[in-house]
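These are the residues of each chain, in order.
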Amino acid sequence: ITLDAARRVLEKVPGDKDVKIWYGEADGTVERAVEPALRHALCVSDAHLAALHDLSTRCCGIWGPALDIEWALDAAGAVHLLQCRPITTLSNLPS
């Protein structure tokens, strides 16, 4: 999903997902098969996109651009920042 700076959706292209990471019975996570009807469905709603845009804007305001931002959705659908760090390999890319 590609957004512009004004949060407008420019493109939505779902990927093929055959495995999902889900909550385990105890602490931690488990891998589960994705139901066939959901394999090519989008995983995030427009509300999630808005929350992710806000999160990335806040992260960029603190740490600057070119960030690796890891996030997760909880069972209620709230977005949580897991970690954020600068992408250091960009200097190795050809211009």
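Quick caveat: nothing in here was measured; it's all calculated off a predicted structure. (Residues numbered from 1 in each chain as written. Predicted model: local features only at pLDDT ≥ 70, side-chain atom pairs only at ≥ 80, totals over all residues. Heavy atoms only, no water.)

Considering the overall build of the protein
The condition that has to hold: Strands are runs of DSSP state E lasting at least 2 residues, helices are runs of H or I lasting at least 4, and numbering of each runs from the N terminus. Our radius of gyration looks at C-alpha atoms and nothing else; its globule reference is 2.2 Å times the residue count to the power 0.38. When accessible area is computed with a 1.4 Å probe and restricted to protein chains, residues below 20% of their type maximum are described as buried, those above 50% as exposed, and intermediate ones as partly exposed. Methods summary: accessible areas were calculated by the Shrake-Rupley approach with a probe of 1.4 Å, and residue burial reflects only the protein chains presented. Within this scheme the basic residues Lys and Arg register as positive and the acidic residues Asp and Glu register as negative, but His and the chain ends are omitted. Where a charge lies is defined by one atom per residue type: Lys uses NZ, Arg uses CZ, Asp uses CG and Glu uses CD.
Within the protein one finds one helix and six strands. The order of helices and strands in the protein, counted from the N terminus, is β-β-β-β-α-β-β. By the compact-globule yardstick of 12 Å for 95 residues, the protein is too spread out, its C-alpha radius of gyration being 16 Å. In terms of principal-axis extent, the alpha carbons of the protein reach across some 40 × 30 × 30 Å. For the protein, with 95 residues in total, the buried portion stands at 14%. Entry remark: accessible area of the protein is about 7,200 Å², with carbon and sulfur atoms responsible for 57%. Across the protein, the mean location of the 9 positive side-chain charges is 4 Å away from that of the 13 negative side-chain charges.

Points about the packing of aromatic side chains
Our working rule: Stacked, edge-to-face and tilted labels apply to pairs of Phe, Tyr and Trp rings (six-membered ring for Trp) whose centres lie within 6.5 Å, assigned for plane angles under 30 degrees, over 60, and everything in between, in that order.
The final tally for this structure, using the stated rule, is one aromatic pair. Geometrically, the ring pair formed by Trp 22 and Tyr 23 is edge-to-face, given 5.5 Å between the ring centres and 65° between the ring planes. A residue is classified by how much of its surface remains accessible, and Trp 22, at 40% relative accessible area, is partly exposed. For Tyr 23, a relative accessible area of 39% gives the class partly exposed.

Quick notes on unusual backbone geometry
One non-glycine residue, Ala 66, lies in positive phi territory at about 60°. Note that Ala 66 resides in the loop between helix H1 (46–63) and strand S5 (67–73).

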